[in-house]
Each structure stands twice: as C-alpha cells, then as structure tokens.
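Architecture at a glance
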Amino acid sequence: MSLQRAVENNYEKAYCNMMNDAEMQDAKEEWIESRAEELIKNFDNDNDWQIIELLKIKLESKSIDADIYNQFVTDICYSQAKFEFNKKFKH
C-alpha cells in the first residue's frame, strides 16, 4: 500500500467518522427537542398565573411576566430533556 493510498484511506475514515458524529448529534438534538416539547405541553393550563405569582415572591421581583415565565418553563424542560437523554443513552 502506498503512502498516498494510506493518507486517502485516513481522510476517508475521518470523513465517515465526522458524518457519523454529525448524524448522532442531529438525532440527539431531535430527541431532546421532541421530549422538551412534550414536557412544555404539561405546563399549558390556566393555573400558570399561580406559578408566576409564586416566582415573583420567591425571586422578590415584580417584573416577572408571562414571557419570562415561558422562557423559564422552556429552559427547565430542555434541561430535563437533556438530563433524561444522558441518563438513558450514556450509562
């Protein structure tokens, strides 16, 4: 085997590894996105105002509104989905 062929094989192997890594990352992100959206749906109810009021008290802030609350819920759900992914797929 020539040096040139060995280098070509190495480049091909590196490219295949890169593509596999990209596909795995895409699948991971898709799983997390799906799970986070499922969790976010659990917060869709008419009692959200009670949670917002509790957050205002606990954070000693009057500036918490629905947008901040929605971002809070989104962040928590994505964090939970990432945790579940890692627990499920990375022993």
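The paragraphs below set out a description of the structure included in this document.

Analysis parameters
- Every residue gets a number counted from 1 within its own chain, in the order that chain's sequence is written.
- Local features are withheld for residues below a pLDDT of 70 in this predicted model, meaning they are given only at 70 or higher, and side-chain atom pairs are given and counted only at 80 or more; totals for whole chains, interfaces and linings count all residues.
- Side-chain numbers here rest on the full set of heavy atoms in the structure, without hydrogens or water.
- The helix and strand labels rest on DSSP assignments: H or I over at least four residues marks a helix, E over at least two residues marks a strand, and numbering proceeds from the N terminus.
- Per-residue accessibility, obtained with a 1.4 Å probe over protein chains only, is compared with the maximum for each type, and a residue is labelled buried under 20%, exposed over 50%, and partly exposed between these values.
- Definition of a polar contact: a pair of N or O atoms within 3.5 Å, with one able to donate and the other able to accept a hydrogen when the atoms are protein atoms, and with sequence-neighbouring residues admitted only if both atoms are side-chain atoms.
- Every case where a carboxyl oxygen of Asp or Glu lies within 4 Å of a side-chain nitrogen of Lys or Arg is listed as a salt bridge.
- Patch building starts from residues that exceed 30% relative accessible area and form no salt bridge, then joins like charges within 9 Å and nonpolar side chains (Val, Leu, Ile, Met, Phe, Trp, Tyr) within 5 Å.
- Methods summary: accessible areas were calculated by the Shrake-Rupley approach with a probe of 1.4 Å, and residue burial reflects only the protein chains presented.
- In this charge count, Lys and Arg are treated as positive and Asp and Glu as negative; neither His nor the chain ends contribute.
- Here the site of a charge means atom NZ of a Lys, CZ of an Arg, CG of an Asp or CD of a Glu.

1. Concerning the side chain of Ser61
Here Ser61 shows up in the loop between α2 (48-58) and α3 (66-89). Residue classification places Ser61 among the buried residues on the basis of a relative accessible area of 18%. Only 2.9 Å separates the side chain of Ser61 from the side chain of Ser63, close enough to count as a polar contact.

2. Remarks on the pattern of salt bridges
Counted according to the given criterion, the structure contains four salt bridges. For the salt bridge of Arg35 with Glu38, the shortest nitrogen-to-oxygen distance reads 2.8 Å. With Arg35 and Glu38 both in helix α1 (residues 3-41) and three residues apart, this pair spans about one turn of that helix. The class for Glu38 is partly exposed, based on a relative accessible area of 45%.

3. Focus: a negative patch on the surface
On the surface, a cluster of negative charge is contributed by Glu23, Asp26, Glu29 and Glu30. Along the polypeptide, Glu30 turns up in helix α1. Here Glu30 falls in the exposed class, since its relative accessible area comes to 61%.

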